[in-house]
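A structural walkthrough
For reference, the chains in residue letters:
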Amino acid sequence: MAAVGLGEVGAVFVLETSRLSRSLADWHKLLDVCALTDTLLVDHDGIYNPNDFNDRVLLGFKGTWSHTELHAMRIRLQGAKLHKARKGELRCSPPTGYLYDPSGALILDPDESVVASIRLLFQQFKALGSAYGMMRFFAEQGIPFPRRLWAPDTNGCLQWGPLSLTRILAILHNPTYTGAYVYGRRRSQPVVVAGQLARVRTLQRPREQWTVVIQDAHPAYLSWEEYLENERQLTRNRTNLQGDGPQGTPRQGAALLQGLLLCGRCGRRMTIRYQGTAGCQAIYQCDRRRFHDGQGGVCWSVPAGPIDMAVEAHVLDALTQDNLDISLAVLQQMEQEAQELDRHWQLQIERAHYEAQRAQRQYDAVEPDNRLVARTLERRWNEKLRQLEEIEQAYAQARQRERLDLSPQKRQQILRLASDLPAVWRAPTTTQAERKGLLGLLVKQIALTPADLPQRQTRVQILWHTEATTELWVARPSIKERFRTPRQVVEAIARLAAGRLDEEIAAALNEQELRSGRSKPFTAASVAWVRYKHGIRKPGSDPRMAARTDARSDGRYSTRALAQRLGVTISTIHYWRQHGIIPATQEIPGGPWWHEVTPEVLAALCQRIHRVPVRTDNLSCS
């Protein structure tokens, strides 16, 4: 086109017009440019001048006919492809874990380690319920994952490497692992930018629009029902989901009832909002009407703390009745997981042994004088031995870290812990996500309903997985009570007040992860306000309060109080203390001095006072 547009071409020769008319738009552009530059078009039928009307009409008809012919060929080819797919005979690159046999049937991968890796992936997703959690599991265990390469010149080469989130989602979304032959899961959508085709985007079709679905077409790794449950679990795990369905895998948030709450007023699912510094204060609120009814605002909300404490106490009380069946189920599950993981490592070691022995046989088979080949085979043998050593070391570390074998002592320990689930619940090593997971195994849904009469309360209705229901009533604090300083904080400040500055008290409270009524960390000013509000005095460490104190319960006097009692100046008291005339103590560095005035000390002081004091009481020299 550039050469024709510059007038450098006298004629364009083509065997047939279909070579240039696969796009009618491009074909007519070529005719227009040839007409402007007086360029001829030549095919096996004749010579055409685009400036001639009759030739222009004939060229247009030829281009249209060629385009129609290409369209018909495309339709026939697509029809043949679809017909083959409906019979389940259209072959595509098989996913990892499958291979084609000589007859063209899809079979499980003959490599046992590949099959074990795929099965381990599905088992861990069933246990963890999260793609991210499964990726962390494989990374922490150092377990490699297989991949079959089907690019040109690879011929299904097997590679092992880390498992990424993209591969996990691709495997979980692939229905081929259910034994079903599926065709037409995706469709292509052109993306036009500035009037031109920029790229072609691949979109997923809904399950109801799949073109071909043939159940039980080949061996399966999981059932169709398990595949659908995995799809639902991935949907529930989405954080941007606006539906009323239950939420997915528990997270590390402070709210205990994540994904279980329903609004007793409207029946919609309640959400969680975190307030305060670092999201320390959780609130359950119903705001779904803005998504369904187009109305703004919140239906109602309630602090999560009292609700969580009441539900936790009720559930733990129910767990203390009979947990023998739970104990045995937990033990059986742990033993099964340990056996599967140990078998996976054994297959990896067996594969590494085979590859190392194969490299050794190749090295032994080469002629010693052929050093060009011997050096390469020796280097390959050493590499396989190094890989074998790395896998054995990783296996040993996994046994120490994850306890792949259960001794009789560990079995008894697991049974004791499972029979005392409240102790497991309150253990410091139990995370909030694990507590939520345990609660989800017992409780199906929880409905919260506000009740203002005769007092502000929240009605908590618990629906267990056994279809039994229980009901609780929890006091609902007012806005003033919600931001009130917790009683345990006030008691902690009272304990820490003696001998400490407000800055030190604030630091101690923050180390204990205690927060104010507004879920903020403490400062010296906030501690001073709490002390003032609740009448907590600490004269032993506050110079300002010490100056206003006459005498403590132990008979010790501050500097100002002693000077006023004896009728001398404060500097005189400092002079006597520095020269050891008055015994004094300083409870904290930089704090006030407290003087102990005994009769002997009083007699020594009276000898040094040369004027009669203004005050004549029990502590004077009159």
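Criteria and cut-off values
- Residues numbered from 1 in each chain as written.
- Predicted model: local features only at pLDDT ≥ 70, side-chain atom pairs only at ≥ 80, totals over all residues.
- Heavy atoms only, no water.
- Pairing = 2+ DSSP bridges.
- Helix = DSSP H or I, 4+ residues; strand = E, 2+ residues; numbered from the N terminus.
- Axes fitted to C-alpha atoms, helices over the stretch in contact; angles between N-to-C directions.
- Contact = heavy atoms within 4.5 Å.
- Patch = residues over 30% accessible without salt bridge, like charges linked within 9 Å, V, L, I, M, F, W, Y side chains within 5 Å.
- Areas by Shrake-Rupley, 256 points an atom, 1.4 Å probe, with all protein chains shown as cover.
- Salt bridge = Lys/Arg side-chain N within 4 Å of Asp/Glu carboxyl O.
- Lys, Arg positive; Asp, Glu negative; His and termini not counted.
- Charge placed at Lys NZ, Arg CZ, Asp CG, Glu CD.
- Buried < 20%, exposed > 50% of the residue type's maximum accessible area, 1.4 Å probe, protein only.
- Expected span 1.5 Å × (residues − 1).
- Phe/Tyr/Trp six-rings, centres within 6.5 Å; stacked < 30°, edge-to-face > 60°.
- Core = buried A, V, L, I, M, F, W, Y, C linked by side-chain atoms within 4.5 Å.

In any sheet, the strands associate via hydrogen bonds between backbone groups, in a parallel or an antiparallel arrangement. Ordered in space as 12-16-17-18, the four strands form an open sheet in which the pairing is mixed. Each edge of the open sheet is held by one strand with a lone partner, namely strand 12 (261-263) and strand 18 (469-475). Going across the sheet, the axis of each strand differs from the next one's by a mean of 25°, ignoring polarity. Examined bridge by bridge, strand 12 and strand 16 (residues 443-451) share three bridges and lie parallel to one another. The residue of strand 16 that forms the bridge with Cys263 is Leu448. Seen against the sheet, helix 14 (residues 432-442) touches strand 16 and strand 17 (457-464) and runs at an angle of roughly 95° to strand 16.

There is a patch of like positive charges on the surface, built from Arg358, Arg361, Arg375, Arg379 and Arg380. Contributions of two or more residues to the positive patch are made by helix 10 (324-365) and helix 11 (371-402). The element best represented in the positive patch is helix 11, accounting for three residues. Residue position: Arg380 is located in helix 11. By relative accessible area, Arg380 is classed as partly exposed at 41%.

What follows covers helix 4 (residues 112-128). Between its terminal C-alpha atoms helix 4 stretches 24 Å, which fits the 24 Å expected from 17 residues at 1.5 Å a residue. Within the span of helix 4, buried status applies to Ser113, Val114, Val115, Ala116, Ser117, Ile118, Leu120, Leu121, Phe122, Gln124 and Phe125. Gly129, located one to two residues past helix 4, shows a positive phi value of around 75°.

Moving on: helix 7 (residues 224-236). Over its 13 residues, helix 7 extends 19 Å from the first C-alpha to the last, a length consistent with the 18 Å expected when each residue adds 1.5 Å. Listing the buried residues of helix 7 in full gives Trp224, Tyr227, Leu228, Asn230, Glu231, Gln233, Leu234 and Arg236. Where helix 7 is buried, its residues meet helix 4 and helix 6 (165-173).

Here the focus is the environment of Gln124. Along the chain, the position of Gln124 falls in helix 4. In sequence terms Gln124 and Phe138 are 14 residues apart; their C-alpha atoms lie 9.5 Å from each other.

Applying the stated criterion to the full structure yields eight aromatic pairs. Seen in terms of ring centroids, Trp224 and Tyr227 are 5.3 Å apart; in terms of plane orientation they differ by 40°. Their pairing is tilted. Taken as a pair, Trp224 and Tyr227 lie in helix 7 at a separation of three residues, close to a single helical turn. Overall, Trp224 belongs to the buried group, its relative accessible area being 18%.

On to the environment of Ala433. Within the fold, Ala433 resides in helix 14. Ala433 gets classed as buried once you look at its relative accessible area, which sits at 17%. When the C-alpha positions of Ala433 and Leu256 are compared, they lie 8.4 Å apart, and in sequence the two are 177 residues distant.

Attention now goes to the sheet that holds strand 1 (residues 11-13). The mixed open sheet is built from three strands, whose spatial order is 1-2-3. Only two strands of the sheet have a single partner each, and these edge strands are strand 1 and strand 3 (46-48). Taking the axes of each pair of neighbouring strands and ignoring which way they run, one obtains an average angle of 20° across the sheet. Where strand 2 (residues 40-43) and strand 3 come together, three bridges link them in antiparallel fashion. Within strand 3, the position partnered with Leu41 by the bridge is Tyr48. Contacting strand 2 and strand 3, helix 3 (residues 53-86) runs over the sheet at an angle of about 110° to strand 3.

In terms of nonpolar packing, the biggest core is built from 37 residues, with Leu121, Phe122, Phe138, Leu172, Tyr177 and Tyr221 touching the most fellow members. Looking at this core, the elements that each hand over two or more residues are helix 4, helix 5 (131-141), helix 6, helix 7, helix 10 and helix 11. Looking at this core element by element, the count peaks at six residues for helix 4. Aside from chain neighbours lying at most four places away, what touches Phe122 is Ile171, Leu172, Tyr177, Tyr221, Leu222 and Asn230.

Moving on, we get to the pattern of salt bridges. If you walk through the whole model with that rule in mind, you get 12 salt bridges. For Asp111, the salt bridge is made with Arg351, and the minimal N-O distance between the two is 1.4 Å. You can see Asp111 sitting in the loop between strand 5 (106-108) and helix 4 and its partner Arg351 sitting in helix 10, a full 240 residues away along the chain. Salt bridges sharing common partners tie together Asp111, Arg351, Glu355 and Lys384.

Without other data, these values stay purely geometric and don't point to any function.
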